[in-house]
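# Summary of the model geometry
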Amino acid sequence: MEFFKIRRDIPFMRYALTFNIISAATFLAAVIFLWAKGLNFSIEFTGGTVMEIRYHQAADLEGIRTTLTGMGYADAQVQNFGTSRDALIRLPLAKGEADVTRGSARQSERVFAELTTKPAPGEAANCAAMHALYREVVQIADPDKRPKEKLDQLAQQRETLKGQCTELTRVEFVGPQVSGELAWDGALALLCTALGIVAYLAFRFEWKFGVAAIIANLHDVVIILGFFALFHWEFSLPVLAAVLAVLGYSVNESVVIADRIRENFRKMRKASITEIIDNAITRTISRTIITHGCTQVMVLSMLLFGGAALHYFAVALTIGILFGIYSSVLVMAPLVRWLRVKREDLVKPIKDRKQEAVV
Amino acid sequence: MNRYPIWVYITIAVALVIGLLYTLPNFFGESPSVQVSSSRATVKVDTTTLARVEEVLKKANVPYTGILLDPIGVKVRFADPDTQLKAKDVITQALNTDPQNPAYVVALNLLPSSPNWLTAIRALPMYLGLDLRGGVHFLLQVDMKGALTKRLDAFTGDIRTNLRDKGIRHSGVSRDGMTIVVRFRDTDTREKAKRVLDDALPDLAFVDAGDDREPRLNATIRPQAEKSIQETAIKQNIGTLNKRVNELGVAEPVIQQQGADRIVVQLPGVQDPARAKEILGRTATLEVRLVDEEAMRSGSRLNVDIFPERRRDGTVSEAPTKRQVVVTGDHFINAQATFDDQQRPAVSVELDATGGRIMREVTRENLKHLMAIILFEKGKGEAISVATIQGEFGSRFQITGLFSPEETNTLALLIRAGSLAAPMEIVEERTVGPSLGQENIDKGFHSTVWGFTAIVAFMIVYYMMFGLFSSIALAANLLLLIALLSMLQATLTLPGIAAIALTLGMAIDANVLINERVREELRGGATPQAAIHAGYERAFGTIIDSNVTTLIAGVMLFLLGSGPVRGFAVVHCLGILTSIFSAVVISRALVNLYYGTRRRLEKIAIGDTAWK
């Protein structure tokens, strides 16, 4: 089987200007979205509490919101997570909580206790007693003072009623000390990766390739971020990981093409730069599409089976892969031409010693 | 001809066998077990405990499949959860004779159930992160400023004492933020004081300040001393946390220092953060009291507190002490195992200024009398040291006796456990329910399997024989990656599983590159053997280049990422390394084995190349 029976080189470079206008436009749009709407950072970056609650029937999001507003958390976000039975609650950092150490932790305890005051539909009858016991225990702020017998009793009831009651499946709290660092480290990681890649490409090829490749691929990164800003998708640490992985991965593309351009400079001695680049892209297009197709199949599988936890990770990868093909082929190559790569840049002539003599 | 020397095949075979061996434990799962550990610092779990547990189980007719002793405690493995529960009750009853004051923690646990010979070659299953097995994760920040302030207050007292001892007059010593300010009448006194204090308190740096009419000395903690104070504070807190976690009876807890002032606590399997937060409280308090020797002789119990004292020979005697407390743990700064001037093992104890002043008075008045140090844990006191006061001492003293170095270590540890550590604060918390953990495993597994299947199907249809080789190489890649992760005992998280899937999806790139190159060479008119050769050779440079760039991103993520993302980075980086090996070496070996030896090879199955 062969999908790409291309007999003549496709004149990609003839449309270079069109491609550049398209990418400039998308890039600009992404920047505008980022600037106007901003990223919807997860609590890992902003600090705060996330709770995931599993109900036995569809979660009553409106009811949860009312309860939270009643508790003074008017700016809490409530949404479904994965299934309609799972509710995800996001609380901002507690301000002015007297005991900072336990304040954050108490936040999720108090919210869960409050949400289980009324029995949820579908719960076992005994759950009410357990929830009441929980309320009683968490009312005592100092964990040291919580009576041991009650805690034991609670653990026991929890064990017997396993899977029959409304359950707090996940709590995540990130304090202000950590969240700031994470945002900074994330930005630093992005910067170091970009610089590292430029340095490596400059060393292996020519600085012009390094610069062209990184511009092409940072343009991908900005576009991914633009999508996240536009649709208000949550930007979490795994998404950042996906962005960095995409950056490293789509540079592959540029490397493959740069490799071909170098080879062509050696082989096609009389060809113009445009012809050389067209030929390099045409001859690698089959590999480009098949490789990205395979990776995309894997990512698609994650998108389908990976559940809510991997959803945005896979989404970021999908956008990254699609734009990665486009940018490394149709952004990087014209850039290389505009930076005026010459045969001498890549195929280094042996220098004549006499020319270096001091006059 | 495309042939590999025999050693390449041997290397590949060895790599695959090792890969298989170390991947195996992941398939055996875990079996129910019971873990017995000490609930108090004074109780030790050793081979005698092991023998006792064995005996108890035999007597009660509870069958077990394995028993072992490790630094955490005794672990017993059972065939099913029912036996496990029964065994837990039996062991608890037998070992903790006093249920009000249990000496041992008996906890339910899971142990890898891979056969013993695999465990013997250290082939262990991957360690599952909390998002996969459920549990609680805390990141605690130690209040270093608090620890330093406390220490500075102690130094303030030390400065006063030293100046008083040398008869140097000052007009006030006070702490102002992180500096101690000493005021003097004239500069001469200041000079004298500076000389004295420089010698006596090497941990402080003294700088002249103020003018001639109001001369002052500003003292700050030297950076080196500051570092050691911080290290002590964090170690002490880790020690305290360890004890608390032990009490909770959690299996395989992780308590680690992270950075300069943070501690990670991970409690797998704990579902109740309300309960887990107990660990943040203080563990123990310390009191120094005088022993009532009258009561000791007469056996009278009037107006005394009786504390058990564990003797070195294992017997427990009673230590009656006066009700009045001399010094509490709050005044203890440090305790360390050392040797005295006659090279005998000793414990050197350091008190703050207030504690030292009280101690000086009390020891002066009670020479040759007995003093007891009592450690309170969970409201129960125990005399950890009863010693004769040999001389008058202040804030620094030594406890000597017929100790072994190990005993001084234990005693120092006990004293440290009872002194006040720097306060801590939760800066990050994650709780994952166990059901969610299992769901995450299933989801990660399904995405990998289906993605892998789809890629294999496509590769075989598109590249035929070469696609099959690529697929086998990809499977080998997966095997080696999991083996490597198990070998390194890396923690597998959900992003880690995603990284496995992603790495497989990216690794196929190398094979696509090679296969496309071979096709191109064939189209260009090369003979099949030459095409294979050229295809692999030419693609190699490109493969290296493209993987290095991916690796750069992975390494940056590892260095700067945290938590689950770090797991992603580890898997990603390792996956790149294994994929280079499998895509280039293993697939080539297969091709060489299949085609390389044929002299007249006219056609190779790599799909349609005849269209040109």
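What counts, and at which threshold
Residues numbered from 1 in each chain as written. Chains lettered and ligands numbered in written order. Predicted model: local features only at pLDDT ≥ 70, side-chain atom pairs only at ≥ 80, totals over all residues. Contact = placed C-beta atoms within 7 Å. Helix = DSSP H or I, 4+ residues; strand = E, 2+ residues; numbered from the N terminus. Nonpolar A, V, L, I, M, F, W, Y, C, P; charged D, E, K, R; others polar. Pairing = 2+ DSSP bridges. Axes fitted to C-alpha atoms, helices over the stretch in contact; angles between N-to-C directions. Parallel < 35°, antiparallel > 145°, perpendicular 65-115°, else oblique. Left-handed = near helix turned anticlockwise from the far one by under 90°. Domains from an automatic or database assignment. Buried ≥ 20, exposed ≤ 12 C-beta atoms within 10 Å, placed from the backbone. Expected span 1.5 Å × (residues − 1). Arc of directions from axis to C-beta. pLDDT = per-residue confidence, 0-100.

On the chain B side, the residues contacting the 66 residues of chain A number 69 residues. At the level of secondary structure, the elements contributing two or more residues to the side of chain A that touches chain B comprise helix H4 (100–115), helix H5 (127–138), helix H6 (148–160), strand S5 (167–174), helix H7 (176–204), helix H9 (237–267), helix H10 (273–305) and helix H11 (307–330) of chain A. For the side of chain A that touches chain B, a count of residues per class yields 38 nonpolar, 15 polar and 13 charged.

Moving on, we get to the sheet that holds strand S2 (residues 48–54) of chain A. An order of S3(A)-S4(A)-S2(A)-S5(A)-S21(B)-S6(B)-S12(B)-S11(B) is seen for the 8 strands of this open sheet, with the pairing classed as antiparallel. Two strands close off the open sheet at either side, each with one partner strand: strand S3 (77–81) of chain A together with strand S11 (254–258) of chain B. Taken pair by pair, the neighbouring strands of this sheet meet at an average axis angle of 20°, ignoring direction. Note that strand S6 (residues 135–142) of chain B and strand S21 (residues 424–432) of chain B share 8 bridges and pair antiparallel. When the sheet's bridge partners are listed, B:Val142 is paired in S21(B) with B:Met424.

All names here are of chain A. One way to put it is that H5 packs onto H6 with a least axis distance of 10 Å and a crossing angle of 150°. What the angle tells us is that H5 and H6 run roughly antiparallel. Our pair here, H5 against H6, has a crossing hand that is left-handed. Across the interface between the two elements, Met130, Leu133, Tyr134, Glu136 and Val137 from H5 touch Lys150, Leu151, Gln153, Leu154, Gln157 and Arg158 from H6. When its residues are assigned to classes, the contact of H5 with H6 shows 6 nonpolar, 2 polar and 3 charged.

Further remarks concern the domain arrangement of chain B. Partitioning chain B into structural domains gives domain 1 (6–24 + 433–596), domain 2 (30–113), domain 3 (145–225) and domain 4 (284–424). Here the C-alpha centroids of domain 2 of chain B and domain 3 of chain B sit 55 Å apart.

Here we take up the domain arrangement of chain A. On domain assignment, one finds that chain A holds domain 1 (12–42 + 177–344) and domain 2 (48–174). A straight line from the C-alpha centre of domain 1 of chain A to that of domain 2 of chain A covers 43 Å.

Next up on the list: the packing of helix H14 (residues 434–487) of chain B against helix H15 (residues 494–523) of chain B. Residue and element names in this part refer to chain B. Between H14 and H15, the least distance of the axes is 8 Å, while the angle of their chain directions is 5°. Relative to H15, the element H14 is oriented roughly parallel. A per-class count over the contact of H14 with H15 returns 18 nonpolar, 11 polar and no charged.

Quick look at the sheet that holds strand S16 (residues 332–339) of chain B now. Residue and element names in this part refer to chain B. Strands sit in the order S16-S17-S20 across an open sheet of 3 strands; the sheet is antiparallel. A strand with exactly one partner marks an edge of an open sheet, and here the two such strands are S16 and strand S20 (396–400). If you compare each strand with its neighbour and ignore which way they point, the axes differ by 25° on average. Judged from the 5 bridges that link them, strand S17 (residues 345–351) and S20 form a sheet pairing that is antiparallel. When the bridges of S20 are listed, Val349 appears paired with Phe397.

Take unusual backbone geometry next. Residues and elements named next belong to chain B. Phi is positive for Asn61, close to 65°, though the residue is something other than glycine. If you trace the backbone, Asn61 turns up in the loop between helix H3 (47–59) and strand S2 (66–70). What makes Asn61 exposed here is the crowd of 8 C-beta atoms within 10 Å. Positive phi, normally seen in glycine, also occurs at Lys368, with a value near 65°. Mapped onto the elements, Lys368 comes out in the loop between helix H12 (353–365) and strand S18 (370–377). When the 8 C-beta atoms within 10 Å are taken as the criterion, Lys368 is described as exposed.

Residues and elements named next belong to chain B. Between the first and last C-alpha of helix H1 (residues 6–23) there are 26 Å, a value that for 18 residues agrees with the 26 Å anticipated at 1.5 Å per step. Those residues of H1 not exposed but buried are Gly19, Tyr22 and Thr23. End-on, the buried residues of H1 take up no more than an arc of 100°, which puts them together on one face. Exposed residues pointing more than 90 degrees away from the buried face of H1 are listed as Ile6, Trp7, Ile10, Ala13, Val14 and Val17. Looking at the buried positions of H1, the neighbouring elements they touch are helix H2 (25–28) and H14.

Let us look at the environment of B:Ala13. Considering the arrangement of structural elements, one finds B:Ala13 in helix H1. Remark: the alpha-carbon pair of B:Ala13 and B:Ile586, spanning 573 residues in sequence, is separated by 9.7 Å.

This part covers the environment of B:Ala530. Residue placement: B:Ala530 occurs in helix H16 (residues 528–560). Sequence-wise, B:Ala530 and B:Val518 are 12 residues apart; in three dimensions their C-alpha atoms are separated by 8.9 Å.

Attention shifts here to H7(A). Counted at 1.5 Å a residue, the expected span for H7(A) with its 29 residues is 42 Å, and the 42 Å between its end C-alpha atoms agrees. For H7(A), the set of buried residues is A:Val178, A:Ser179, A:Leu182, A:Gly186, A:Ala189, A:Leu190, A:Thr193, A:Ala194, A:Ile197, A:Val198 and A:Leu201.

The subject of this paragraph is the confidence of the model for chain A. In low-pLDDT segments, the atomic positions of the prediction should not be examined closely. Residue and element names in this part refer to chain A. Per-residue pLDDT for chain A has a mean of 82; in total, 91% of the residues score no lower than 70. Under a pLDDT of 50 for its full length, residues 97–102 has, in the predicted model, 9 contacts with residues more than four places off or in other chains. Overall, residues 350–357 carries pLDDT values under 50, and its contacts beyond four positions in sequence, including any with other chains, amount to 0 contacts.

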